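# Chain and residue survey
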Amino acid sequence: TTSTLYYPIKLLIKHTPIVETMSEALSSQELKEIENNLVRLAKDEIGPVLKSKSGTQFGQFDDKANQVDLVTVIDKKVESIINKRLTSLYPDFEFIGEETFKPGLTSITNSPTFIVDPIDGTTNFIHGYPYSCVSMGLAVGGEPVVGVVYNPHLNMMFHASKGNGSFFNDELIHVTKRSLTLQQSVIALESGAERSPGSNFDIKMETYKNLLSDKGGYIHGSRSAGSAAMNMCYVANGMLDAYWEGGCWAWDVCAGWCILKESGGIVVGGNKDEWDIPVDRRCYLAVRGGCEKSEQQYFVKSFWSHVA
Ligand code: LIP
């Protein structure tokens, strides 16, 4: 029997026509302005905090779901700064953040909603490993339409808004045109926080083996930034060919999803035949642009054939 790497969709996106029309009310120019405000907030206020506090929270973190799912007071403080700033700028928009999310109560509607991870890569942040970043996305009608991901340690600012292109440090992202095949790909794969044998953990490890084995996908290699948002951005600018994970959340991927789409990439479900998924599906396969749509679709089907 084939197992499914799945997560009960805890958050349902309620499609209501009234709000749908609101999504058309935000022009690409308005989205660009929101993008610029998020870039400024990331660069001027959040980046300096992440940069100065990374590697200073040893022994000062708490467990969440388990002892490898971590949070610090800085995560909570940064989310509060972002929430206050965005609520004052956009009082009619909703806000969902990793540290204030309430499973089963918080729901993503079709209203304009900021979906924010104050520190993506918290474990990296605690260890002083320079792959933590702030990830701020805006979803309208459930679709990621603005994304800003900033890693101040490596001075990497990725940003995009629907219809306005994707940027890396203010340079428009152009993914080098080249063929896309599973065998010649470098793919981000994460250990994640779910580690119990006999669960999704086994499916993940089995899938990694299937992809890497010379009797399986025989891919060029796998990488693991420890940050979904950074992985999405590296797929967006073509440094990675794909990223696959089950278990991360809407706030991990919302911003990177917009950045990736604006650079010609696609996001589908991590399980077979899931071509069209909601932002909170919690199981994703992100694939780069710089190739034909038909190549992306063939790559996705090849990848899915290796999911355990
Ligand atoms: C992290 C994700 C990463 C996942 C980690 C963790 P956090 O988010 O970005 O993809 O593998 O387990 O969930 O918790 O650092 O914000």
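Throughout this description, residue numbers start from 1 for each chain and increase along the sequence as written. Side-chain atom pairs in this predicted model are given and counted only at pLDDT of 80 or more, local residue features only at pLDDT of at least 70, and totals for whole chains, interfaces and linings cover all residues. Hydrogens are left out, water is left out, and the side-chain values use all remaining heavy atoms of the structure.

In contact at an axis separation of 8 Å, helix α6 (residues 228–236) and helix α7 (residues 250–262) are set at 10 degrees when each is read in the N-to-C sense. Here α6 is positioned roughly parallel relative to α7, judged by the angle of their axes. Taken together, the residues of α7 that come into contact with α6 (itself represented by A228, A229, M232, C233, V235 and A236) are D252, V253, G256, W257, I259 and L260. Of the residues that constitute the contact of α6 with α7, the class distribution is 10 nonpolar, 1 polar and 1 charged. Axis definition: a line fitted to C-alpha atoms, over the contacting stretch in the case of helices. Angles run 0 to 180 degrees between N-to-C directions. To qualify as a helix, a DSSP run of H or I must reach at least 4 residues; to qualify as a strand, a run of E must reach at least 2; elements of each kind are numbered from the N terminus. Every angle not falling under 35 degrees, over 145, or within 65 to 115 is termed oblique; those three ranges are roughly parallel, roughly antiparallel and roughly perpendicular. The contact rule is simple, with two residues in contact once any of their heavy atoms fall within 4.5 Å. For this scheme, ten residues count as nonpolar: Ala, Val, Leu, Ile, Met, Phe, Trp, Tyr, Cys and Pro. Four count as charged, namely Asp, Glu, Lys and Arg, and the remainder, Gly too, count as polar.

Compared with an ideal rise of 1.5 Å per residue, which puts 13 residues at 18 Å, α7 spans 18 Å between its outermost C-alpha atoms and is within 8% of the ideal. Maximum bend of α7: about 30 degrees, positioned at G256. To sort residues, take the accessible area from a 1.4 Å probe on protein chains only and compare it with the maximum for the residue type: under 20% means buried, over 50% means exposed, and anything in between is partly exposed. Most of α7 sits inside the fold, with 11 of its 13 residues counted as buried. Looking at α7, one finds that the buried residues are A250, W251, D252, V253, C254, A255, G256, W257, C258, I259 and L260. Take the residue count of a helix, subtract one, and multiply by 1.5 Å to get its expected span. Bend, at a single residue, is the angle you get between axes fitted to the 7 residues ending at that residue and the 7 residues starting at it.

With that settled, consider the packing of aromatic side chains. Any Phe, Tyr or Trp ring, taking Trp's six-membered ring, that has another such ring centre within 6.5 Å forms a pair; planes under 30 degrees apart are called stacked, those over 60 apart edge-to-face, and the others tilted. Following the criterion strictly, the structure yields 14 aromatic pairs and no others. Ring geometry for Y90 versus F114: centroids 5.6 Å apart, planes at 50 degrees, classification tilted. With Y90 in the loop between α3 (73–89) and β3 (94–97) and F114 in strand β4 (residues 113–120), this pair connects stretches of sequence that are 24 residues apart. With relative accessibility at 1%, the residue F114 sits in the buried group. Seen in terms of ring centroids, F93 and F114 are 5.6 Å apart; in terms of plane orientation they differ by 40 degrees. Their pairing is tilted. Remark: F114 occurs in strand β4 and F93 occurs in the loop between α3 and β3; sequence separation between them is 21 residues. We note that F93, like F114, is buried. Put simply, the rings of Y129, Y131, F158, F168 and Y234 pair up and form one aromatic cluster. Seen from the ring of W249, R282 lies directly overhead, with NZ or CZ sitting 3.6 Å from the centre. Only lysine NZ and arginine CZ atoms are considered, and such an atom sits over a ring when it is within 6 Å of the ring centre and within 35 degrees of the ring normal.

For the rest of this paragraph, the subject is the sheet that holds β4. Strands are treated as partners if at least two bridges between them are detected by DSSP. Within the open sheet, the 7 strands sit side by side as β3-β4-β5-β6-β7-β8-β9. Their pairing is mixed. Each edge of the open sheet carries a strand with a single partner, namely β3 and β9 (171–172). Judged from the 4 bridges that link them, β3 and β4 form a sheet pairing that is parallel. Residue pairing for β4: F95 is matched across the bridge by F114.

So, on to the site of the ligand. We call a residue near a molecule or strand as soon as one heavy atom of that residue lies within 4 Å of the molecule or strand. Around the ligand sit 14 residues, and of these D117, D120, G121, T122 and E245 come closest. Contacts described as polar in this section are N or O atom pairs within 3.5 Å, which, within protein, must combine one atom able to donate a hydrogen with one able to accept it, while residues neighboring in sequence count only if both atoms come from side chains. Interatomic distance of 3.5 Å between a backbone N/O atom of A193 and an oxygen atom of the ligand. Contact with the protein chains covers 88% of the free accessible surface of the ligand, which is 380 Å². Sorting the residues of the shell around the ligand by element identifies β4 and β12 (242–246) as the ones contributing at least two each. With 3 residues, the top contributor of residues to the shell around the ligand is β4. Looking at the shell around the ligand residue by residue, the class counts come to 4 nonpolar, 4 polar and 6 charged. Surface exposure here means Shrake-Rupley accessible area, sampled with a 1.4 Å probe, where a residue is shielded only by the protein chains that are shown.

Attention now moves to the confidence of the model for the protein. Confidence in the prediction for the protein averages 92 pLDDT; 92% of positions are at 70 or higher. Ignoring residues within four places in sequence, the model shows residues 6–23, a span with pLDDT below 50, making 41 contacts including any to other chains. The predictor rates its confidence in each residue with pLDDT, a number between 0 and 100.

Moving on, we get to the sheet that holds strand β10 (residues 186–189). In spatial order, the strands read β11-β10-β12-β14-β13; together these 5 strands make up an open sheet with mixed pairing. The sheet is open, and its two edges are formed by β11 (221–223) and β13 (266–269), each paired on a single side. Direction aside, the axes of adjacent strands within the sheet are offset by 25 degrees on average. Pairing between β10 and β11: 3 bridges, direction parallel. Bridge pairing links A188 to R223 in β11. Across the face of the sheet, helix α5 (residues 200–212) comes into contact with β10, β11 and β12 while running at roughly 160 degrees to β12.

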